[in-house]
Amino acid sequence: MPYIEIIKPEDAEGRLAEIYRRVTGPGGQVDNVLQIHSLRPHTLEGHMALYKAALHHPRNKLPVWFLEAIGVRVSLLNDCAYCARHHGVGMKRQLQGDEERFAAYREQLEQEQPGAPFTKPEQAALVYASQLTLKPGSVGRADIKALKSAGLDDGEILEINQVAAYFAYANRTVTGLGVDTEGEVLGLSPDESVDWHHA
């Protein structure tokens, strides 16, 4: 159970009810991580806008499965089981349900330094995301140079940074307010067609 009061979808009115309608996923589910914002609906809108821009924007260049992998890695480091579970399922879905590939990648995300089957650029990205999560003040120009040397361009580096930063926020929202997976189907997401510019 969450540590603060929430307004359930069936009890929502006005602006909150409209936002819930927009974030409702398959099967009518509103994820618990979204319901935790119900006392301040504007923060729910902000959360969704950031989530969609960081992980699911069509102009991102890195594959969504790998952005999800970064999210799982950061969530594991932050001891956020909720996000690691949800985004692990999302990552598997993005890999077209390929159990063998998913298991190989997922195992590496648990390691101190993830290796193959992640490519060298992907491994470099995971090192950076890990450093940004565990020792954010230690990141410097040399760490960005290492990413470029691995073959990542500035735009891709920005994507990696934004996903790691988003999960720092999401993990702390979840762990700090007692969000759990009770009553949820994991790995679903709201309609990708929804425009999350503030209305």
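To keep things clear, this report deals only with the structure shown in the data block.

### Quick notes on a nonpolar patch on the surface
On the surface, a cluster of nonpolar side chains totalling about 300 Å² of accessible area is made up of Tyr3, Ile4 and Leu39. Relative to the assigned elements, Ile4 resides in the segment before helix H1 (14-23). Owing to a relative accessible area of 35%, Ile4 belongs among the partly exposed residues under this scheme.

### Some points on unusual backbone geometry
With omega at 15 degrees, the peptide bond leading from Ala116 into Pro117 counts as cis. Its place among the elements puts Pro117 in the loop between helix H6 (99-109) and helix H7 (120-134). At Gln96, a position not held by glycine, the phi torsion is positive, near 60 degrees. Inspection of the secondary structure assignment puts Gln96 in the loop between helix H5 (81-94) and H6.

### As for the pattern of salt bridges
This model, assessed by the stated rule, comprises six salt bridges. Residues Glu45 and Arg22 are paired through a salt bridge, measuring 3.6 Å at the closest nitrogen-oxygen approach. Taken as a pair, Glu45 in helix H3 (residues 41-56) and Arg22 in helix H1 lie far apart in primary sequence, 23 residues in all. By relative accessible area, Glu45 is classed as buried at 9%. For Glu110, the salt bridge is made with Arg106, and the minimal N-O distance between the two is 2.9 Å. It is possible to trace a salt-bridge network through shared partners that takes in Arg15, Arg22 and Glu45.

### Here we look at the environment of Leu62
Tracing the chain through its elements places Leu62 in the loop between H3 and helix H4 (64-77). A relative accessible area of 11% means that Leu62 is categorised as buried. Taking the C-alpha atoms as reference, Leu62 lies 23 Å from Leu134; in sequence the two are 72 residues apart. Not counting residues within four places of it along the chain, the set of residues in contact with Leu62 comprises Leu67, Leu152, Glu156, Glu159 and Ile160.

### Structural notes on the packing of H4 against H7
One way to put it is that H4 packs onto H7 with a least axis distance of 10 Å and a crossing angle of 35 degrees. Crossing hand, H4 versus H7: right-handed. Seen from H4, the contacting residues are Trp65, Phe66, Ala69, Ile70, Arg73, Val74 and Leu77; seen from H7, they are Glu122, Ala125, Leu126, Ala129, Ser130, Thr133 and Leu134. Taken together, the residues of the contact of H4 with H7 sort by class into ten nonpolar, two polar and two charged.

What counts, and at which threshold
- Residues numbered from 1 in each chain as written.
- Predicted model: local features only at pLDDT ≥ 70, side-chain atom pairs only at ≥ 80, totals over all residues.
- Heavy atoms only, no water.
- Patch = residues over 30% accessible without salt bridge, like charges linked within 9 Å, V, L, I, M, F, W, Y side chains within 5 Å.
- Areas by Shrake-Rupley, 256 points an atom, 1.4 Å probe, with all protein chains shown as cover.
- Salt bridge = Lys/Arg side-chain N within 4 Å of Asp/Glu carboxyl O.
- Helix = DSSP H or I, 4+ residues; strand = E, 2+ residues; numbered from the N terminus.
- Buried < 20%, exposed > 50% of the residue type's maximum accessible area, 1.4 Å probe, protein only.
- Contact = heavy atoms within 4.5 Å.
- Axes fitted to C-alpha atoms, helices over the stretch in contact; angles between N-to-C directions.
- Left-handed = near helix turned anticlockwise from the far one by under 90°.
- Nonpolar A, V, L, I, M, F, W, Y, C, P; charged D, E, K, R; others polar.

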